[in-house]
Amino acid sequence: MKVEMPVEPLKPADFASDQEVRWCPGCGDYAILAQVKKTLPGLGIPKEKIVFISGIGCSSRFPYYMNTYGFHSIHGRAMAVASGLKIARPDLNVWVVTGDGDGLSIGGNHLLHAIRRNIDMTVLLFNNRIYGLTKGQYSPTSEVGKRTKTSPRGSVDFPLHPLSVAIGAEASFVARALDVDLKHLGYVLERAAKHKGTSFVEIYQNCNIFNDGAYSYATDKGTKHDTRLILEHGKPLIFGKDREKGIRLNCTDPEIVTLGDGISEDDLLFHDEKAAEPSLAYLLTRMHHPNFPEAFGVFRAVERPCYEYVLDEMSDSTPPPQGAEDAEIDALLNSGDTWVVD
Amino acid sequence: MKVEMPVEPLKPADFASDQEVRWCPGCGDYAILAQVKKTLPGLGIPKEKIVFISGIGCSSRFPYYMNTYGFHSIHGRAMAVASGLKIARPDLNVWVVTGDGDGLSIGGNHLLHAIRRNIDMTVLLFNNRIYGLTKGQYSPTSEVGKRTKTSPRGSVDFPLHPLSVAIGAEASFVARALDVDLKHLGYVLERAAKHKGTSFVEIYQNCNIFNDGAYSYATDKGTKHDTRLILEHGKPLIFGKDREKGIRLNCTDPEIVTLGDGISEDDLLFHDEKAAEPSLAYLLTRMHHPNFPEAFGVFRAVERPCYEYVLDEMSDSTPPPQGAEDAEIDALLNSGDTWVVD
Amino acid sequence: MATSTAPTSKRTMVERKEHATVTIRFCGDSGDGMQLAGTQFTNSSSIFGNDVATLPDFPAEIRAPAGSLPGVSGFQINFSSHEIHTPGDRVDTMVAMNPAALKTNYKDVVPGGIILVNEDAFSKTNLQKAGLDVSPLEDATLRDYHVYKLPMGKLTTEAASGFGLSNKGVNRCKNFFALGVICWLYERPLAPIESWINSKMGRTPAVADANTATLRAGWNYCDTIELFPHAYRVAKAKIAPGTYRKITGNEATAIGLATAARRAGKELFIGSYPITPATTILETLAAMPQMGVKTFQAEDEIAAMCSTVGAAFAGACAVTSTSGPGLALKGEAMGLAVMTELPMVIVNVQRGGPSTGLPTKTEQSDYLQAMWGRNGECPMPVLAACTPSDCFEMAVEAMRIAVQYMTPVILLTDGYLANGSEPWKIPKSSSLPRFDVVHPTNSNGEAFLPYKRNERGARPWAIPGTKGLEHRIGGLEKQAETGNVNYDPDNHQRMICERADKVAKVADSIPDLKIDGNPDAELLVVGWGSTYGAITTAVERANKRGQKVAHVHLRYLNPMPKNTEDVMKRFKKVIVPEMNMGQLIIKLRSDFLIDAKGINKVQGKPFLVSDIEAAIESALGEG
Amino acid sequence: MATSTAPTSKRTMVERKEHATVTIRFCGDSGDGMQLAGTQFTNSSSIFGNDVATLPDFPAEIRAPAGSLPGVSGFQINFSSHEIHTPGDRVDTMVAMNPAALKTNYKDVVPGGIILVNEDAFSKTNLQKAGLDVSPLEDATLRDYHVYKLPMGKLTTEAASGFGLSNKGVNRCKNFFALGVICWLYERPLAPIESWINSKMGRTPAVADANTATLRAGWNYCDTIELFPHAYRVAKAKIAPGTYRKITGNEATAIGLATAARRAGKELFIGSYPITPATTILETLAAMPQMGVKTFQAEDEIAAMCSTVGAAFAGACAVTSTSGPGLALKGEAMGLAVMTELPMVIVNVQRGGPSTGLPTKTEQSDYLQAMWGRNGECPMPVLAACTPSDCFEMAVEAMRIAVQYMTPVILLTDGYLANGSEPWKIPKSSSLPRFDVVHPTNSNGEAFLPYKRNERGARPWAIPGTKGLEHRIGGLEKQAETGNVNYDPDNHQRMICERADKVAKVADSIPDLKIDGNPDAELLVVGWGSTYGAITTAVERANKRGQKVAHVHLRYLNPMPKNTEDVMKRFKKVIVPEMNMGQLIIKLRSDFLIDAKGINKVQGKPFLVSDIEAAIESALGEG
Ligand SMILES: Cc1ncc(C[n+]2csc(CCOP(=O)(O)OP(=O)(O)O)c2C)c(N)n1
Ligand SMILES: Cc1ncc(C[n+]2csc(CCOP(=O)(O)OP(=O)(O)O)c2C)c(N)n1
Ligand code: SF4
Ligand code: SF4
Ligand SMILES: [Mg+2]
Ligand SMILES: [Mg+2]
């Protein structure tokens, strides 16, 4: 990835477009937008080299608000549009913004395949566990029993867990963040942006109109320490207000233990985001509220070749010098068996 | 699931339709067809209650050869057609036959969602790691570097592992079998058929025309003992010609050990197909040739409500008695605010 | 909780001018509850005995920034003492809750009409948000109108305080103040509105009481302060006796489908994916499990369509609903439905295109897609509803044709019908058609022939579970009668023709085209879908003016009624208004070689009556 | 390894009858190598100097059971001493390698024609597999033909043994024996075939030598045993001087696209998903990384289409290729391409429909889908190639139009063009159009307007990476010039018209329709696509017979050439042969109000010349 350095460092405000932001007041999307704008300058990439691509949904309005190149595509197809763009132009820095409906319902297949190809882009899935733009139907991440306009007696659909899906699709980078925890969100965004390969980030996002408080357990002062576990590479899995609790491995399953009383940090599971095999990362995606604290941070970050760079090396992508195209074309036209009639 | 018992037991031949089987001679599909016909009589389900649904591909020709109800739908959509059928008629016994292209490339999204909904059907994914019907292009399960008609310099696509994908999609039943190992295939088919929920079975299938020998490591007499590990619930993971090798857990990763010399069966990982969390099953899907023996058998089999049965209970699916429909309709038409003009 | 006795006017002396027809528009910010105010006014008018027609118009954003231009939401009601067909071209009385609403809407008010504004909302910030430097209340902008500035914010606060609501909660009652004012002005009964408040908000009596109080405050305010020089009266319309309800197009479609399934003695399966403006069909059906309705919210439109095909194979009355982009996604699987000759209904609620287009706006631009948006020769019956309540009838018809002819059927409606409402005289179930669905149960010892056709051209609907009729279907070409896969050239030609003939035969079962207006006219106006109201009104007016104009409205687009050619050729001139660039007209010109002229409007909103009148005028004027 | 000196005939006395045109068909089991034999015969004939046209016909199954009827594979070649346009209606000489092939093909041979059979294959089992009780070699079935029974199995074994091949390997050489026989019979040079063998099989000399020996054995056998009373000669055709190659339609399309991209000074991106009969376009391009071609085998057609849109936004010459069902899936994303006004080419190789239909057979049934298979008003230029080599030219044209007008362009071909081949006079690169792709690099200090149009109606193609031109596009309706999201009614109407106008303007850049045949005729035959050969031949013959017939062939379907209306209205009668139920004709009748008559054939195979001749006959006969 050849990236030129801009002349003078950019500021977050440089990334704001002239379009009025039109999410509902109080929507979690605002915080994420602000944090992305704060993260970009630090990457040192000129803004004309950055492209934001989205599908359809409230979250997918995102590109309009960024003063970079942007594409608000169609429902579910952001990953496919982004794949084509990045393959054609491996020099660009590509971001995909999608929702739980856009990315996991109609767009599930493209997500799977972009992730396995490890196309170098940063994917932000705004998970508000609802279809916002169409005014409140349950989504593939909505919990069983949820009452919405299309499930007045409670939803019968068992939900997907975005990070489990991503790992099932051979993801090289998987992380989770929370809209309101700005600092940690910033850290995760930066890590994701710098990872070479598909970086898949699930962001818990509050839709205060149709699914308000979906993550209150993780945002409320009173409960957040017991419901959130911040992952740190090489460190044991510890959480709780006084960091008094930890996660231990019980065969292949996680188990909550309280430190002290014969249980020390060394007994705990240590996080290894670089583990060659994704089993540990997968296991961490299985910790769900209310039985477990939910993990935030980088679950997995490993290197693996990116589709578009390998393809680029294989193909002769620099057009021949002016004049030499003709020779190249003639060679192509005359390839195979030819004969001359005179 | 209300299933009537047929009057006299059916024989495998009763399941053969009158259509000539048209796969290439030597194709692995023949063995699977034969084994399915052998398995069905044991289920005690009348053949008119059985429906085979497929997409498009060589493997998807399957329904034509079964004397049950059948639907050879369109490319990638078998799971969606089957879902509608089963939701409308929870009393039917539904099988889906798909390929690595049909099920995982174009059809990946429907697979994800049917599995998470746990619709009660048995899904057989014939994995020959190639597009057979369109004459030999690489598929999402083809290995990197594979040379095919669309990858003359070697494929750049990193493959998906079907069972990892299924587990990432919250599968309640996941298994693997091999076309030529008839007995074990029969066992797996029967287990899958009897499981209540989406049973996802990957069948390694040889395409002797376009990808011959893809699984020779697992079928050749000389190597098969070292490359295959047969899973048994509650038993340790042992393999090798003389059952001299085993799999031990190293943190969250599998590790091959040789028994004896201080390592006993008790040190090995024990298989638990009923584990509440899928971490173990997931880990087993990560054992790939040549670094590990590949696991065959039932990886995971847990109970979880099936979409269509819950929905069926919610809705009043028996039409009202003759005559009473009108009252029901009138009630519907007159619901909400009405007023009378006279 | 408030009781529902309505206030009686103290100003018994108020003069009430009679009007035959009035058009009112509520507009404000999307947070201002304008849709609700409009709906309640409509209910009240219907129950009062007027004929009514409505046009809701809301922004694509869930909540655009408060006070912004894109955040403006409107609801227009036309109510009358005679039969009406449109929500009205121009507005007689408008309520504007903020500057943005005023700015984007005032031009639609007839000169001399009434504009009621919430003056409390005309703050500097709000003016800025609407891109206004000077308040239009203070310059000459509104000089052609009767403008009434009401401090609705303050008056609402006074009325709704004291019930224990938060400031925000109190402020939310504002729309009921406006509604109260308008009800006074047009002598609408408050009782239906109050009973609605109580039934919907009764769980939180504070809210119900505050709203009721505000509604009455609005009424009383007018009744007290002699704000208006006179009030108005729109007499009851002469309406056929019967039981009525107000119904939107999407409600009517949903109810029609559920009814049709029961008339066929079957369950209804709907596999659908939410998309504006079709979503409420799925939502309405989701609330009907008691009718044996099973709703499946699929992962996408392809799955929705395929699940519908699967359910039809299983023997259900199967349906899918969507809008333009979704229909495009369903194309391939619709081909499978044609090939497997299974009965199902595909409802497409048209919206502004192409691509994502204008999701919340109306258009008629999916006719061509409905006819031909599939690979290969892939014919399907296509129907189109022409009013909100006609959606009921056409939904029943679509299902009837589907099961009688064993074919997928497309029903076209549009955003205008979907959200628009009208009073509907509720039919008796016994007056509705019953469909004779006969699933074969055995093959009398002979080999079962799943593609052997009956006199309608329909194949037997043998469903899984039927012993002895096991068979396989699929998307490859089938052998005639046996249904086995077949690549023979002559068989292909035969099956191509059989599928086309079957669809053509549907014409045997549909009513002839009816000529409205003057059957001996020179000019024929041909319409389809939601232009019905505007065309009907324009043609009525033209004929009243002494122009000679006829009108036919196609509800069956494919096949067309048998007399269509006759009708088309009877008139010297034919014009075809469509909310597209000319789609149905392609088929009309091609089929009948008539030099029909298109009247085309693609603006995301319905034709005005005056648009059609102008077109009639100019058509009659020419040569 | 064998050297490539061809045997010279010992029977110098053999009489050679002159024929102007001959049609040969190789048929046998799909395992018998008939496609290869046919291709090699074609090569040899082309190099010899004949004009040639071919028709491969293979089963849908990969390998249907050996010897079965569905397993029969055929390859037909028409070669001539004058210009020809079709693979021939009837077969003069046929090779049948087994009973199934004989049974399904013999009726296409002209009475008195030659049938060569491999008698070794007429075993009882093989007869049974073909559903034959008695061998057709032994009853009266073939009495109208000259039948030659050759023990090809035995003779091949003799010729190919001794090179160390397995029995199976030896048996596989059979097709070269048959080829040798036919080459002798028609005096084809063996040298091109032998050099092909050496270049393709040279890595395993045993195989190359065994095949060469068998080929010669076939030739020598005829030259020795006086099997045939006389041999034939088809003189060289008078062909324009130049360098030639044989090319199939899909090769031509692929090469055309790669060439066009380079003429635009760009990389080619193709995002595609395999589907018969389009797959070989992707495969051919996958083998061209040296041309700066990047192939992306997407997970499905939707991803293929969307990746193409993404690549176009990125600035590549972007392409996707598919067939009918795939085009149906692409519809929604094609709408996005229209809305975002990005340049790209969508190649659709039509096949038998509807649904999965007849995947390996040809048809022209996607015209309507290509025109209108999308939601909303969604116009796109549509082109159609009319011969295999014309695919090259039209692919270049499609890309030219795409980049010059900033629009997606559909190129229609079909299964017959895709797999059929003809000699192609290779153009010089310098004679090909160059496209002026100018990406704006700055906005001169003003706000950049991504939807400001040039005189063609095209918007600027500003690509990511360009400083100062950062902008956002998408599927919602855009404001004129700025490209911002906009819901204004008048703006929508304006943009709808601008998109339509732009496509209409493409007509400024395309050649007028050329009238072939007799321009003063009464009857005009209007064709498009692969019917070109059959119509041209039929019209030529009719005019030779003294009938007066004209022919125009539409290669630009949308917009049509500017003189189309003039041309259509010049003739009293118009007939429109199409391999569908009448699709283009809908547009012709509607646009020009002419009473054109459709000649329709939907049998999965091309028109015969005689089909068209009969249609001409009957059209001229009427009134
Ligand atoms: C093809 C198609 N189908 C359906 C829709 C309607 N639609 C728009 S956004 C959306 C779901 C949005 O949910 P999500 O992706 O979770 O985004 P959110 O609004 O919650 O941010 C749907 C169903 C559409 N625009 N296009
Ligand atoms: C919409 C659509 N796209 C593409 C195809 C072409 N196609 C048919 S089968 C197939 C892939 C088959 O591969 P797989 O599912 O692995 O089945 P196999 O033949 O290997 O058993 C493809 C690409 C099609 N029929 N329909
Ligand atoms: S509906 Fe929900 S997700 Fe959408 S903008 Fe409003 S608060 Fe945000
Ligand atoms: S191509 Fe391969 S998968 Fe298909 S039938 Fe032949 S051997 Fe089997
Ligand atoms: Mg969401
Ligand atoms: Mg396969």
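Here the structure is a predicted model, which is why all the values come from computation and not from measurement. Every chain is numbered independently, its residues counted from 1 as its sequence is written. Labels follow written order: the first chain is A, the first ligand is 1, and so on. In keeping with the model being predicted, local features are shown solely for residues with a pLDDT of at least 70 and side-chain atom pairs are shown and tallied solely at 80 or more, while totals for entire chains, interfaces and linings include all residues. The side-chain values count all of the structure's non-hydrogen atoms but skip hydrogen atoms and water molecules.

J.: Provide a residue-level description of the pairing of strand β9 (residues 245-250) of chain B, including the pertinent values.
T.: A regular strand carries its side chains on alternate faces of the sheet. Residue and element names in this part refer to chain B. Pairing of strand β8 (residues 238-239) with β9 involves two bridges; the strand directions are antiparallel. Each bridged residue has a counterpart across the sheet, and for F239 the counterpart in β9 is K245. Paired strands, as defined in this entry, are two strands with at least two bridges between them according to DSSP. Strands are runs of DSSP state E lasting at least 2 residues, helices are runs of H or I lasting at least 4, and numbering of each runs from the N terminus. Counting the residues in the hairpin turn of β8 and β9 gives five residues, including G240, whose phi is positive at 100 degrees. The pairing of β9 with strand β10 (residues 253-258) spans six bridges and is antiparallel. If you follow L249 over to β10, its bridge partner there is P254. Between β9 and β10, which pair antiparallel one after the other, the connecting turn spans two residues, and C251 there sits at a positive phi close to 55 degrees.

J.: So what's going on with the interface of chain C and chain A? Which residues, and what values?
T.: Contacts are assigned to residue pairs that have any heavy atoms within 4.5 Å of one another. Listed as interface residues are 28 residues of chain C and, on the opposing side, 29 residues of chain A. Accessible area that two parts lose when put together, evaluated with a 1.4 Å probe and summed over both, is termed the buried area. Taken together, both faces of the contact between chain C and chain A bury some 2,200 Å²; the carbon and sulfur share is 57%. On the chain C side of the interface with chain A, the three residues burying the most area are I62(C), R63(C) and Q297(C), jointly 29% of the side's total. We define a salt bridge as a side-chain nitrogen of Lys or Arg found within 4 Å of a carboxyl oxygen belonging to Asp or Glu. Here chain C is connected to chain A by zero salt bridges. Among the elements that make up the side of chain C that touches chain A, the one with the highest residue count is helix α10 (residues 279-286) of chain C (four residues). Class assignment for the residues of the side of chain C that touches chain A results in 15 nonpolar, seven polar and six charged. Residue classes follow a fixed rule: Ala, Val, Leu, Ile, Met, Phe, Trp, Tyr, Cys and Pro count as nonpolar, while Asp, Glu, Lys and Arg count as charged, and any other residue, Gly among them, counts as polar.

J.: Can you explain the environment of M34(D)? Please cite residues and give values.
T.: Residue and element names in this part refer to chain D. With respect to the helices and strands, the residue M34 is situated in helix α1 (residues 34-48). Look at M34 and you get buried, because its relative accessible area is 1%. Expressed as a C-alpha distance, the spacing of M34 and T125, which sit 91 residues apart in the sequence, is 21 Å. Those residues in contact with M34, other than ones at most four positions away along the chain, are F26, C27, G28, D29, S73, F75, M97 and N175. Classification of residues uses two cut-offs on accessible area relative to the type maximum, computed with a 1.4 Å probe and protein chains only: under 20% is buried, over 50% is exposed, and between them is partly exposed.

J.: So what's going on with the coordination of the magnesium ion (ligand 6)? Residues and values would help.
T.: Each pair of donors in an ideal octahedron of six around a metal sits at 90 or 180 degrees, and each pair in an ideal tetrahedron of four sits at 109.5 degrees. Here a donor is any nitrogen, oxygen or sulfur atom (N, O, S) within 2.8 Å of the metal, with 3.2 Å used for Na, K and Ca; water is not among the atoms considered, so some sites may look incomplete. The protein atoms donating to the magnesium ion (ligand 6) are D100(B) (OD), N128(B) (OD1) and I130(B) (O), with metal-donor distances spanning 2.0 to 2.2 Å. When its relative accessible area of 7% is taken as the criterion, N128(B) is described as buried.

J.: So what's going on with the domain arrangement of chain C? Which residues, and what values?
T.: Residue and element names in this part refer to chain C. Here the domain parsing of chain C yields domain 1 (16-233), domain 2 (245-431) and domain 3 (516-621). Domain ranges listed in this record stem from an automatic or a database domain assignment. For domain 1 and domain 3, the distance between their C-alpha centres works out to 36 Å. With four residues of domain 1 at the interface, the matching set in domain 3 holds ten residues. Between domain 1 and domain 3 the total buried area reaches about 540 Å² when both faces are included, carbon and sulfur atoms providing 60% of it. If you sort the residues of domain 1 by the area they bury against domain 3, H85, T86 and D89 come out on top, with a joint share of 85%. Linking domain 1 with domain 3 are zero salt bridges. Any N or O atom pair separated by 3.5 Å or less is treated as a polar contact, with the protein-specific requirement of one donor-capable and one acceptor-capable atom, and with residues adjacent in sequence counted only for side-chain atom pairs. Taken together, the connections running from domain 1 to domain 3 amount to two residue pairs in polar contact (both at pLDDT 80 or more). Residues belonging to the side of domain 1 that touches domain 3 are distributed by class as follows: one nonpolar, two polar and one charged.

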